[in-house]
Amino acid sequence: MGPTESGTSVRFQVLLDGQPPGSAHGTDVDDQGRGTVPAQRLYQLIRQPGPVTDRTFEITFLDPGVQAYAFTFG
């Protein structure tokens, strides 16, 4: 992911099963699911502890101007 214009950043919010991720947050997200996209790169949004189960993931971009190319799981 990354901003469409160099030098800008885009805020986002992620949810797991409709709730902030808490301890399942990735390195680029806080426990409330908030983060920013300041550059084109791969972001770790969720890192689920313990046994992996089926979950619903949601991302909302709070600002315009973001590009997302690929999501990886595993």
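Scroll up to find the structure.
Heads up: these notes are all about the structure in this document. (Residues numbered from 1 in each chain as written. Predicted model: local features only at pLDDT ≥ 70, side-chain atom pairs only at ≥ 80, totals over all residues. Heavy atoms only, no water.)

Points about the environment of Q40
Along the chain, Q40 turns up in the loop between β3 (34-37) and β4 (57-61). Sequence separation between Q40 and G2 is 38 residues; the distance between their C-alpha atoms is 3.9 Å. With sequence-adjacent residues up to four places away left out, Q40 is seen in contact with M1, G2, P3, Q67 and Y69. A polar contact of 2.9 Å, which involves the side chain of Q40, links it to the side chain of Q67. (Helix = DSSP H or I, 4+ residues; strand = E, 2+ residues; numbered from the N terminus. Contact = heavy atoms within 4.5 Å. Polar contact = N/O pair within 3.5 Å; in protein donor to acceptor, adjacent residues only side chain to side chain.)

Re the packing of aromatic side chains
Applying the stated criterion across every chain yields a total of 0 aromatic pairs. Looking at R41, its charged tip hangs above the ring of Y43, at a distance of 3.9 Å from the centre. (Phe/Tyr/Trp six-rings, centres within 6.5 Å; stacked < 30°, edge-to-face > 60°. Lys NZ or Arg CZ within 6 Å of the ring centre and 35° of its normal.)

Concerning unusual backbone geometry
For residues other than glycine, phi is negative in most cases, and the peptide bonds are mostly trans. Phi angles above zero are rare outside glycine, and D17 is one such case at about 55°. Within the secondary structure layout, D17 lies in the loop between β2 (10-16) and β3. For D17, a relative accessible area of 40% puts it in the partly exposed group. (Buried < 20%, exposed > 50% of the residue type's maximum accessible area, 1.4 Å probe, protein only.)

Looking at the pattern of salt bridges
Applying the stated criterion across every chain, the model contains 4 salt bridges. Ionic pairing is found between R55 and D17, a salt bridge with its closest N-O pair at 2.6 Å. In this pair, R55 is assigned in the loop between β3 and β4 and D17 in the loop between β2 and β3, connecting sequence segments 38 residues apart. Of the residues examined, R55 reaches a relative accessible area of 37% and is grouped as partly exposed. (Salt bridge = Lys/Arg side-chain N within 4 Å of Asp/Glu carboxyl O.)

Considerations on the nonpolar core
The biggest cluster of nonpolar side chains holds 8 residues, and these are M1, V10, F12, V14, V29, V37, Y43 and L45. Examining the composition of this core, we find that 3 residues originate from one element, β2, more than from any other. Setting aside its immediate chain neighbours within four residues, V14 contacts P20, P21, V29, Q32, G33, L45, I46, F57, E58 and I59. (Core = buried A, V, L, I, M, F, W, Y, C linked by side-chain atoms within 4.5 Å.)

Focus on the pairing of β2
Judged by how many residues are buried, β2 sits mostly within the fold: 5 of 7 residues are covered. With 4 bridges connecting them, β2 and β3 associate as antiparallel partners. Paired with V10 across the bridge in β3 is V37. Bridge count between β2 and β4: 5 bridges; the pairing is antiparallel. What sits directly across from L15, in β4, is E58. (Pairing = 2+ DSSP bridges.)

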